[in-house]
Amino acid sequence: MDADNKVRRKEVLSSMCEQRARMLQDQFSVSVNHVHALAILVSTFHYDKDPSAIDQDTFAEYTARTAFERPLLSGVAYAERVKHSEREKFERQHDWTIKTMKREPSPIRDEYAPVIFSQETVSYIESLDMMSGEEDRENILRARATGKAVLTSPFRLLGSHHLGVVLTFPVYKSKLPSKPTVEERIEATAGYLGGAFDVESLVEYLLGQLAGNQAILVNVYDITNSSDHLIMYGHQNQDGDLALLHESQLDFGDPFRKHQMICRYHQKATTSWTALTTAFLFFVICLLVGYILYGAAIHIVKVEDDFHEMQELMVRAEAADVAKSQFLATVSHEIRTPMNGILGMLALLLDTDLSSTQRDYAQTAQVCGKALITLINEVLDRAKIEAGKLELETVPFDLRSILDDVLSLFSEKSRNKGLELAVFVSDKVPEMVMGDPGRFRQIITNLVGNSVKFTERGHIFVEVHVAENPKPIDDAKAETCLNGGALISGGRRFNTLSGYEAADERNSWDSFQHLVTAKALQDDASVKMEVADEASQSVTLMVSVEDTGIGIPLIAQHRVFTPFMQADSSTSRNYGGTGIGLSITKCLVELMGGHISFISRPQVGSTFSFTTVFGRCEKASLGVGDTKKSNAEDLPSGFRGLKAIVVDGKPVRAAVTRYHLKRLGILVEVANNVKIAASACGKNDSSCGSKIQPDIVLVEKDSWLSGEDGSMNLRMFDWKHNGHMFKLPKLILLATNITNAELEKAKAAGFADTTIMKPLRASMVAACLQQVLGTGKRQPGNGMLNGSSVLGGLLCGKKILVVDDNMVNRRVAAGALKKFGAAVECAESGKAALKLLQLPHSFDACFMDIQMPEMDGFEATRRIRMMETRANEQMNGDTDQGSVRKDEWHLPILAMTADVIHATYDECLKCGMDGYVSKPFEEENLYQAVAKFFKTKPVSDS
Amino acid sequence: MLGLDADQLRADMNRLLAFLFHQGILDEQFLQLQQLQDENSPNFVSEVVNIYFHESEKLLRNLRSLLTMDRELLSFDKIGIHLNQFIGSSSSIGAQRVRNICVAFRAASDNNNRTGCLRSLEVLEHEHCILKNKLHELFQIEQQILLAAAVRYPVLN
């Protein structure tokens, strides 16, 4: 843009310069022409006329009147050529002497050129000899030689002292030949007409007429002598834009002289605003962009720095966290070890003879120690969970037995408080599930523990359902819960387990019944669905723990799961604990793929419910039985097919009782009160077996107390009607807690058989029933007879060797096998067994303990197998017709082991054993192991 | 009168058993053991339990002497063998708590933790003592029942 500007400027300058030059030149040539005309005038009227028509006055007047024609000339004058010889005559004629330029009488010369006519403006040069001036003389000589107008070099003019040039024109006397020579010209010269160009003022005037006069600076030079330019106009040293100038040639009509005009700008080029602003804006934009980039870069760097810093902080925080967890783990472990010592010692101390004060102290110490251990364990758990170290097992386990275990844990406490503690597991829940039994137990223990802690009356009820089922009922019940729950909490008896109101009414009998019946319906209708269900790999269980305790205050409900937060500070004072349990529970539940929530109403109770996902257990893996023993207690199957009546006014409680009995395979009917039960029995009698014939009658203590007379009736009734019958139903009292007086009364009333203390557990019920039925275990238990008779059939008459270093084990194993009709021999070490098994022998099977001193079961088996192969080879070698040989020596050897790890099983097979049974013996297990080879045996045996 | 007495004794025994189960002193294996008892081997349970106590007392003595030995002579392997025996026989008669303590004891001996072993041994002796007392009580009641039943007119059988 600046370049454009410059070009334009240059163009403007050159055009202006050219314009001025042309104008000057034109004006000049006009003036020159006019001088030429004057010369002709003078020649015409001064010389051709005789006498002369022109005198000084005429000339002056004429020139003055024609001065406008010669704007560049300050004045004109005519000088006559006077030869020295004519001087005197001339001086006389004009009456003055010829003077030099210095106004002195002229010295003698060859010729003179005194001015005779002059314009008024230059009248002061009249009578001056023009040839006395160096410049003029040269001019005159040149002019008359060429016959053309000639110019002097610029000099200071007389008078005005302005720079100027003198124009000289020759005037010839006579007409010249068409091509005159120089001599002819000189000869014909009559005089000279001269005019002074006051170049300075004239150019000034000329330029003044033009626009843009201020902008440019004009210099006019005479450049005849190319090395020394003479200035004609303008100041030699003038400021101006030296960078840019324009030169124009001037032709003033004198070929000898050359002139030049140089133009410059007065001022240096004002740089253009647009360029400037553009540049400025550009600069600003650049600056801004730069700043933005800089800012961005700085920001990025800063963010990066921050990021690194954060990262480092995070690493440090993580390290700190890990360190914390490790510290917690280590420390709590380290604390645990001595604490166990303390607790053990305290327990021992408590067994010694102590005064009551001492005992009190020791007991307090023990309680505190136990609390501390619990706390440490919880902290350790928490730390483990936080450190991500807690890994869940996936092993098959029996949910129901775990729940039973947990209940038994709290049975003592709940009984002391008079709480009803019960568990109910829906039939749809698979018997065995895959998951982490330890952690599941922990969750349940935490929740039930809390409930027991905060409940003073009423009940604690643990329920397990498959999660798909209860949803629609949830919705329905939730509404009623909102609508009516709080309003009618007055004196109403609630249909819950204990009759107390519960926070979450979903567990009341209405929905419960709904659930159970729905299930019954589904059992029929959805066999297909169940098949589909079993195909899916996992099952979601919904577990709820309901209590009728103090509840959680509304304000504290949102921080229940925050570690170390209890409802309020008074809680820990009143009830103890640290509040870490629930947060662990939540963590565990989430680890197990479920979530936990609760409903709680202060002074009414809380219901914690959580879902958890377990894998389904494949039946095949179950059948092996190796996993089963580890965590599933085995309920005796001896009660299968028994019939029982449960007398209970509270349907939920009755359902729980029924659930436990059902697990034992007992058919259950529920009667609301004793009378109904009695009448059921009565009908029974008359219609003889069309209805169930109860073997057992279980009576809830409450029902019995409320209808005491009825129970007496029942007893009477039974005695009367069953007098002639073979057996009479056993009466069992179910009670949460019972006073001695009540117990006496119960005995008197006929519950002599037994009292089952709640909470109910299937195994405990089984144990009690076994006691009640006493010798009757072989009598009604046809299911059991089946099992043992099959075993008996298998084992009857077989000779079996039992190898075990442990005398107790040996005795028990022998006892069990003998019971099935086997002939048993025992050996107490591997060596002894080897001796007995020297071929040929008559044993049909061998049960071998694995862990024995000196020679363990594996080694013994290996040796036996070696012996057998040797014998077999020999036999094959002896008799070539080996194919005819019907049996080779191969004694079935079964390992007996307490570990049921799979590796052990593999090891057993590797060293040549045929299978194994877990210790201690179980019928089913034994049967499975034995059946494998004894069924095929008879074919080869005999 | 005598019949009622037998009923009461039986109830007492049931309560005692229930207590033992609740406390975890015994587990279902004991019931299995009882099932093995029939007319062919009428004293099976007490016989086995007697063997058990005979053996276990011997084991306890051995363990005690092993653990009170000098540090250099202390052999955790031997202790482990003894404990395995103990565990095996305890689980055979269903002495759950004793068995659990033995397992802990074995863990301690696996870690060569002498003090831990000593502690466990003391707890074990204590627990063993309890078990012995309770079972003794149980058998006494059983004896009384048998006595009472012998006197009582047999209704059921």
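Residues numbered from 1 in each chain as written. Chains lettered and ligands numbered in written order. Predicted model: local features only at pLDDT ≥ 70, side-chain atom pairs only at ≥ 80, totals over all residues. Heavy atoms only, no water.

For chain B, an unreviewed UniProt entry supplies the name Histidine-containing phosphotransfer protein and the organism Hibiscus syriacus. Entered under Function (unreviewed entry) in the UniProt record, the comment concerning chain B runs "Functions as a two-component phosphorelay mediators between cytokinin sensor histidine kinases and response regulators (B-type ARRs). Plays an important role in propagating cytokinin signal transduction." (UniProt positions renumbered as here; feature names shortened; annotations may be inferred.)

Labelled according to an unreviewed UniProt entry, chain A appears under the name histidine kinase, originating from Hibiscus syriacus. The UniProt entry for chain A carries the following comment under Catalytic activity (unreviewed entry): "ATP + protein L-histidine = ADP + protein N-phospho-L-histidine." Listed in UniProt under the heading Subcellular location (unreviewed entry), the comment for chain A reads: "Endoplasmic reticulum membrane".

Enquirer: Break down the overall build of chain B for me, citing the residues and quoting the values.
Expert: The helix and strand tally for chain B stands at 6 helices and 0 strands. Secondary structure elements of chain B occur, N-terminal to C-terminal, as α-α-α-α-α-α. Residues counted as buried form 50% of the 157 residues belonging to chain B. For chain B, the share of sequence-separated contacts (at least 6 apart) that also reach a separation of at least 24 residues comes to 68%. Of the roughly 7,700 Å² of accessible surface on chain B, a fraction of 52% belongs to carbon and sulfur atoms. (Helix = DSSP H or I, 4+ residues; strand = E, 2+ residues; numbered from the N terminus. Buried < 20%, exposed > 50% of the residue type's maximum accessible area, 1.4 Å probe, protein only. Contact = heavy atoms within 4.5 Å. Areas by Shrake-Rupley, 256 points an atom, 1.4 Å probe, with all protein chains shown as cover.)

Enquirer: Outline the pattern of salt bridges, supporting the account with residue identities and numerical values.
Expert: Residues and elements named next belong to chain A. Applying the stated criterion across every chain yields a total of 22 salt bridges over all chains. A salt bridge links Glu 828 to Arg 810; its shortest N-O distance comes to 3.7 Å. Of this pair, Glu 828 sits in the loop between strand E26 (823-827) and helix H26 (830-836) while Arg 810 sits in helix H25 (residues 807-819), and the two are 18 residues apart along the sequence. For Arg 810, a relative accessible area of 11% gives the class buried. One salt bridge in this structure joins Asp 914 and Arg 865, with 2.8 Å as the shortest N-O distance. (Salt bridge = Lys/Arg side-chain N within 4 Å of Asp/Glu carboxyl O.)

Enquirer: So what's going on with the interface of chain B and chain A? Which residues, and what values?
Expert: Taken together, the contact between chain B and chain A spans 42 residues of the former and 47 residues of the latter. At the boundary of chain B with chain A, the tally comes to 1 salt bridge. Between Glu47(B) and Arg811(A) there is a salt bridge; the shortest N-O distance is 2.5 Å. Every element with two or more residues in the side of chain B that touches chain A is listed here: helix H1 (2-23), helix H2 (28-36), helix H3 (44-67), helix H4 (76-93) and helix H6 (114-151) of chain B. Among the elements that take part in the side of chain B that touches chain A, H1(B) stands out by supplying 11 residues, more than any other. For the side of chain B that touches chain A, the class distribution of residues is 14 nonpolar, 18 polar and 10 charged. (Nonpolar A, V, L, I, M, F, W, Y, C, P; charged D, E, K, R; others polar.)

Enquirer: For the UniProt feature "modified residue: 4-aspartylphosphate" (unreviewed entry) in chain A, give the residues involved together with the corresponding values.
Expert: The UniProt record annotates "modified residue: 4-aspartylphosphate" (unreviewed entry) at Asp849(A). Relative to the helices and strands, Asp849(A) resides in strand E27 (residues 845-849).

Enquirer: Give a detailed account of unusual backbone geometry, specifying residues and quantitative values.
Expert: In this structure, Gln603(A) is a non-glycine residue whose phi angle is positive, near 65°. Considering the arrangement of structural elements, one finds Gln603(A) in the loop between strand E18 (596-601) and strand E19 (605-616). Although it is not a glycine, Asn112(B) sits at a positive phi angle of roughly 55°. Mapping Asn112(B) onto the fold places it in the loop between helix H5 (96-110) and H6.

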